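# Tertiary structure, described
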Amino acid sequence: KKTKSRLSKSTVSGYRTALKYFEEFLLKKRIAPHPSQINEAVLNDFYNYVNGTHNYKVKLHTKLKGFIKFLENNKQLPVDPSYKLSVFTEEYDNQCPEDNDIALTEDEVRKLIELRKKFQNGEIEIEKYKKSEKIPAELQEHQYNMKKENIIKCLDCFLFMVSTGMYYADVMKSPLNFNGRDDIKHLSYRRAKNGSFCKGIPIKDDGIFIAHEIIQQYKIKNGSNFPLNLSLTHFDKHLERIGLLGVGFKITNKMARKTFASRLYFIKNLPLHYLQMLLGHQDVKDTAHYLRISNDDIANEIIKWMNSN
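Per chain, residue numbering runs from 1 following the sequence as it is written. Predicted model: local features are reported for residues with pLDDT of at least 70 only, side-chain atom pairs are reported and counted for 80 or more only, and whole-chain, interface and lining totals are derived from all residues. Excluding hydrogens and water, the side-chain values take into account all heavy atoms of the structure.

### Here we look at helix 7 (residues 211-218)
Relative accessibility decides the category of a residue: with a 1.4 Å probe and only protein chains considered, values under 20% of the type maximum give buried, values over 50% give exposed, and everything between is partly exposed. Helix and strand assignments follow DSSP, with helices taken as H or I runs no shorter than four residues and strands as E runs no shorter than two, numbered in order from the N terminus. Buried within helix 7 we find Ala 211, Ile 214, Ile 215 and Tyr 218. Projection of helix 7 onto a plane perpendicular to its axis shows the buried side chains occupying an angular sector of 100°, all on one side. A contact between two residues is defined here by any heavy atoms of the two lying within 4.5 Å. Where the residues of helix 7 are buried, they touch helix 4 (106-120), helix 5 (137-164) and strand 1 (177-180). The first or second residue beyond helix 7 is Lys 219, which carries a positive phi of 50°. This arc describes the spread of directions from the helix axis toward the C-beta atoms.

### Re the confidence of the model for the protein chain
Residue-level confidence of the predictor is summarised by pLDDT, bounded by 0 at the bottom and 100 at the top. Summing up the model confidence of the protein chain, the mean pLDDT is 87 and the portion of residues at 70 or higher is 93%. Of all the helices and strands in the protein chain, helix 12 (residues 295-308) carries the lowest mean pLDDT, 74, while helix 7 carries the highest, 96.

### Remarks on the environment of Met 166
As for its placement among the helices and strands, Met 166 is situated in the loop between helix 5 and helix 6 (168-173). In this structure Met 166 comes out as buried when scored by relative accessible area, which is 0%. C-alpha separation for the pair Met 166 and Thr 53, spaced 113 residues apart in sequence, amounts to 28 Å. Those residues in contact with Met 166, other than ones at most four positions away along the chain, are Phe 160, Met 161, Val 171, Leu 176, Tyr 189, Asn 225, Ala 256 and Arg 257.

### Quick look at the packing of aromatic side chains
When the centres of two rings from Phe, Tyr and Trp lie within 6.5 Å, Trp using its six-membered ring, the rings pair. Their planes under 30 degrees apart give stacked, over 60 give edge-to-face, and anything left gives tilted. What the rule picks out here adds up to 11 aromatic pairs. For the pair Phe 22 and Phe 25, a centre-to-centre distance of 5.9 Å together with 25° between the ring planes defines the contact as stacked. Linking Phe 22 with Phe 25, this pair stays in helix 1 (residues 9-29), spanning three residues, or about one helical turn. Given the relative accessible area of 5%, Phe 22 is considered buried.

### Some remarks on the pattern of salt bridges
Each salt bridge in this description consists of a side-chain nitrogen of Lys or Arg and a carboxyl oxygen of Asp or Glu lying within 4 Å of one another. For the structure shown, the criterion picks out seven salt bridges. The shortest N-O distance in the salt bridge between Asp 156 and Arg 116 comes to 2.6 Å. Remark: Arg 116 occurs in helix 4 and Asp 156 occurs in helix 5; sequence separation between them is 40 residues. Both residues of the pair, Asp 156 and Arg 116, belong to the buried class. Residue Arg 116 is joined to Glu 213 by a salt bridge in which the shortest nitrogen-to-oxygen separation is 2.6 Å. Note that Arg 116 is positioned in helix 4 and Glu 213 in helix 7, a separation of 97 residues in sequence. When its relative accessible area of 3% is taken as the criterion, Arg 116 is described as buried. Judged by relative accessible area, which is 37%, Glu 213 ranks as partly exposed. When salt bridges with common partners are traced through the structure, they connect Glu 106, Asp 107, Arg 110, Asp 206 and Arg 263 into a single cluster.

### Some points on helix 4
The end-to-end C-alpha distance of helix 4, which contains 15 residues, comes to 21 Å, matching closely the 21 Å that a straight helix rising 1.5 Å per residue would cover. Buried within helix 4 we find Val 109, Leu 112, Ile 113, Leu 115, Arg 116 and Phe 119. The buried residues of helix 4 occupy an angular sector of 155° when projected down its axis, which confines them to one face. One or two positions beyond helix 4, positive phi appears at Gly 122, with a value near 75°. A helix's residues, less one, multiplied by 1.5 Å, set its expected span.

### A word on the nonpolar core
Nonpolar side chains in soluble globular proteins tend to end up buried together. Ranked by size, the top nonpolar core spans 59 residues in total, and within it Leu 112, Phe 158, Phe 160, Phe 226, Ile 242 and Ile 251 carry the most contacts. Looking at which element gives the most residues to this core, the answer is helix 5, with 10 residues. Excluding anything up to four places from it in sequence, Phe 158 contacts Leu 104, Leu 112, Phe 235, Leu 239, Ile 251, Thr 252, Met 255 and Ala 256. In these notes, a set of buried Ala, Val, Leu, Ile, Met, Phe, Trp, Tyr and Cys residues joined through side-chain atoms within 4.5 Å is what counts as a nonpolar core. In terms of nonpolar packing, the next biggest core, distinct from the first, is built from 14 residues, Val 42, Phe 46, Leu 60 and Tyr 83 among them.

What follows is the structure, encoded as structure tokens:
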């Protein structure tokens, strides 16, 4: 509760779990529970103490390091600086990503943009609810119109997220800041998850990213965001319905940010450190992990760059 930015319940839960296991670890190892006693070796041993997969152990280890950093910087408690040298990183399976955590191809995004145009032209008819004698016809018509409007807005919101790198939680909770001159407009915002700052996101339409068009259509102003007020569950349900409207693939909330990052790096060849700023990652290695870029891939790109210069 005393950190600088708001934390989600899931984030707080992660810290509590890490501290619970760490208290058990300190008690078992008979180590004094004081920051000055927590060094690199202690944190390395804690990682090995925790049961579970490598990535789960890394998450608890990272939460614990974050808590120690808080005690050092905000509480001014004496700590052993060697704790920073205890480093473990998550590993990703490049061949088997989760179904809801993959990037869309440019062709798939174009199909969604084409679907958006068909909605605007009235070419798509959304299936109506089955008639019910228990619900007045006027109310059923109102429910249908709300469903239609929400599906259209969810598609526009998803395409806006593809163009800005946001999750739906960011759309719901994070006001946008518009910056720059008329010819170089860009936006920034703070992540709803952890308060990290995402900046320098260009507002420029190129046939795949259409943030400028959507901002103009919905009159999105400085200090606001895309005007949609649905739960994440309902948002994903509408995205699932959109996938059934003839595009041939499913879309989920997570795919938008992944598509934004993947297109800029793999298609547009944006340097990783610039993408780090757009995504609000504290470390460029977090960006590499997010894109599932191995150290070998990074080394190969550096060698290519060195040979070309």
